[in-house]
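Listed here are the chains, written in short residue letters.
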Amino acid sequence: MYYDEIETPIGPLVLCAGEEGLCRIEFGSFRRGEPFLEAWSRKYTGADRLVRDDRFLQPAVDQLQQYFAGERTAFDLPIQLYGSDFQVKVWRALTGIPYGETRSYKEIGEVIGAPKAVRAVGGANNRNPLPIVVPCHRVIGSNGAMVGYGGGLAIKEQLLGLEGYAQVTA
């Protein structure tokens, strides 16, 4: 498993990828998240260690930098999603939320054919291994309120603001 750490307007991010594509983005520094990332990698990919390789991850770094510069509205990267069938279905649905728009947990449930699974959709959203690229920050409460985000609500609001979403309310 390869990784690289980049500095962004929302703080450091650690990117992880295997041969199949980008599989993890973690908020914070590699040093802080290393034990978690190693355990996650062993569990989901079987990789015994993480190797820093900025060349392997350069396409992801470039696209994230373009996103933060306001030059990219969609990602075109190979990704590998590790999770239950339900989680992967939710995460794939999240990629259909257009830049600068939001959807509720209920709307995502409807997209995947499980309109009553609002709590399960929220749980899957919370476990999204590829924040930003799989835009879980674009999911809000049905009343329009900002609710939960792995990186914190301030980062969620910052990402939505970057995308021009004007109705950001905590």
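Look up: the structure comes first, before these words.
Source: prediction; values computed, not measured. (Residues numbered from 1 in each chain as written. Predicted model: local features only at pLDDT ≥ 70, side-chain atom pairs only at ≥ 80, totals over all residues. Heavy atoms only, no water.)

Before going further, it helps to examine the layout of surface pockets. In this structure, the largest pocket occupies an estimated 420 Å³ of space. In terms of lining residues, the largest pocket is bounded by 25 residues, among which Asn125, Asn126, Arg127, Asn128 and Gly150 are the most central. Put simply, the parts of the chain that give the lining of the largest pocket at least two residues each are β3 (21–27), α1 (30–45), α3 (85–94) and α5 (118–126). Its residues assigned to classes, the lining of the largest pocket comprises twelve nonpolar, nine polar and four charged. Surrounding the second largest pocket, 14 residues form its lining, Ala74, Phe75, Thr95, Val133 and Pro135 being those nearest its centre. Residues that form the lining of the second largest pocket fall into these classes: ten nonpolar, two polar and two charged. (1 Å grid on protein atoms, 1.4 Å probe; cavity = no way out; pocket = protein on both sides within 12 Å on 5 of 7 lines; lining within 4 Å. Points joined across faces, edges and corners; volume = space filled by probe spheres on them. Helix = DSSP H or I, 4+ residues; strand = E, 2+ residues; numbered from the N terminus. Nonpolar A, V, L, I, M, F, W, Y, C, P; charged D, E, K, R; others polar.)

Take the sheet that holds strand β4 (residues 51–52) next. Pairing is mixed across the open sheet formed by four strands, whose spatial order is β3-β2-β1-β4. Of all strands in the sheet, those bounded by a partner on one side alone are β3 and β4. Bridging between strand β1 (residues 2–8) and β4 involves two bridges; their strand directions are parallel. Looking at the pairing, Tyr3 lines up with Arg52 of β4. The sheet strands contacting α1 are β1, β2 (11–18) and β3, and the helix crosses β3 at an angle near 135 degrees. (Pairing = 2+ DSSP bridges. Contact = heavy atoms within 4.5 Å. Axes fitted to C-alpha atoms, helices over the stretch in contact; angles between N-to-C directions.)

Read these as geometric descriptors, not functional statements.
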